[in-house]
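Residue-level listing of the chains:
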Amino acid sequence: MVVAPQTYRFTAEEYYRMGEVGILPPDVRVELVGGEIKRMPPIYPPHASIVDRLNSALSRLPAGLAIVRVQNPIRLDDFNEPQPDVTVLRYRGDYYGNQHPTPADVLLTIEVADTSLRYDRDEKMPLYGRAGIPEAWLIDVQAQTVTVFTEPHADGYGQERVVTRGQEIVSLAVEGLRLQVDEALG
């Protein structure tokens with residue numbers, strides 16, 4: 001009998017346990033996607049600057065409307081706990097102190113792609129759409145564009161629109177969110 005090898009997919013609980021016992025060093029940037037532990041590239045200055053600009057702009061949303069998180073996990077399912085660069089969550093008074101947000105809590109995810117464009121576009125954007133996150137933005141640092149993904153479905157997103165410098169993004173998922181592309185890109 002011939003048996004083909006199979007890939008072992010880690011659950012989120014196993015992923016956390018590996019961190020607790022020191023298998024995953026605390027100073028290494030990783031995330032769980034598709035049951036695989038993905039090592040993330042270093043954050044270069046252009047990427048960090050855009051994340052900081054987004055954090056500043058999104059922090060102007062009215063108090064009590066939403067929570068803005070930077071590079072923190074969201075639990076999509078048992079095998080996926082990515083860490084988007086920026087996430088806009090439904091407001092909760094406990095600020096998700098007892099568990100990571102789930103897809104029902106997420107209004108918008110934003111990925112800033114400097115060195116990770118293919119991964120963010122081909123793996124993470126479809127993952128967010130399949131999870132039912134209503135809106136996701138992919139900022140391409142090199143091309144200086146923002147791709148806005150909406151209409152989530154089983155294969156990812158049904159709509160994607162590229163927005164460039166001099167244009168404005170009006171969020172469909174976050175009430176009152178309007179952002180000039182130039183404000184995000186600097």
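Let me sum up the structure you'll find in this document. (Residues numbered from 1 in each chain as written. Predicted model: local features only at pLDDT ≥ 70, side-chain atom pairs only at ≥ 80, totals over all residues. Heavy atoms only, no water.)

Among the structural elements, arginine 92 can be located in the loop between β4 (86-90) and β5 (106-113). Judged by its relative accessible area of 26%, arginine 92 is partly exposed. For the pair formed by arginine 92 and aspartate 105, sequence separation is 13 residues and the distance between their alpha carbons is 9.1 Å. (Helix = DSSP H or I, 4+ residues; strand = E, 2+ residues; numbered from the N terminus. Buried < 20%, exposed > 50% of the residue type's maximum accessible area, 1.4 Å probe, protein only.)

Before going further, it helps to examine the side chain of aspartate 114. Note that aspartate 114 resides in the loop between β5 and α3 (117-131). Nearest to the buried, unbridged aspartate 114 among oppositely charged side chains is arginine 29, at 10 Å. Not counting the four nearest positions on each side in its chain, aspartate 114 is found in contact with Tyr44, Pro46, His47, Val141 and Gln142. (Lys, Arg positive; Asp, Glu negative; His and termini not counted. Salt bridge = Lys/Arg side-chain N within 4 Å of Asp/Glu carboxyl O. Contact = heavy atoms within 4.5 Å.)

Among the structural elements, arginine 161 can be located in strand β8 (residues 156-164). For arginine 161, a relative accessible area of 42% translates into the label partly exposed. For the pair formed by arginine 161 and phenylalanine 149, sequence separation is 12 residues and the distance between their alpha carbons is 6.7 Å. Once residues within four sequence positions are removed from consideration, arginine 161 is found in contact with Val146, Thr147, Val148 and Glu168.

Within helix α1 (residues 12-20), the full set of buried residues consists of Ala12, Tyr15 and Met18. End-on view of α1: buried residues confined to an arc of 120°, all on one side of the axis. Looking at the packing, one finds that the buried side of α1 touches β1 (30-33) and β2 (36-39). Just beyond α1, the residue with positive phi is glycine 22, at close to 90°. (Arc of directions from axis to C-beta.)

A few words on the sheet that holds strand β6 (residues 135-140). What the 6 strands build is an open sheet, ordered β3-β4-β5-β6-β7-β8; its pairing is mixed. A strand with exactly one partner marks an edge of an open sheet, and here the two such strands are β3 (66-70) and β8. Recorded for the sheet is a direction-independent mean angle of 15° between the axes of neighbouring strands. Sheet analysis places strand β7 (residues 145-153) next to β8, joined by 8 bridges and oriented antiparallel. Its bridge partner being in β8, threonine 150 is matched across the sheet by glutamine 159. (Pairing = 2+ DSSP bridges. Axes fitted to C-alpha atoms, helices over the stretch in contact; angles between N-to-C directions.)

Further remarks concern the pattern of salt bridges. If you walk through the whole model with that rule in mind, you get 12 salt bridges. Salt-bridge contacts for glutamate 36 lead to lysine 38; the nearest nitrogen and oxygen are separated by 3.1 Å. Accessibility expressed as a relative area gives 37% for glutamate 36, which makes it partly exposed. Residue aspartate 94 pairs with arginine 92 through a salt bridge whose shortest N-O separation is 3.0 Å.

With phi around 50°, tyrosine 95 is a residue other than glycine that occupies positive phi space. Within the secondary structure, tyrosine 95 sits in the loop between β4 and β5. Positive phi, normally seen in glycine, also occurs at glutamine 144, with a value near 60°.

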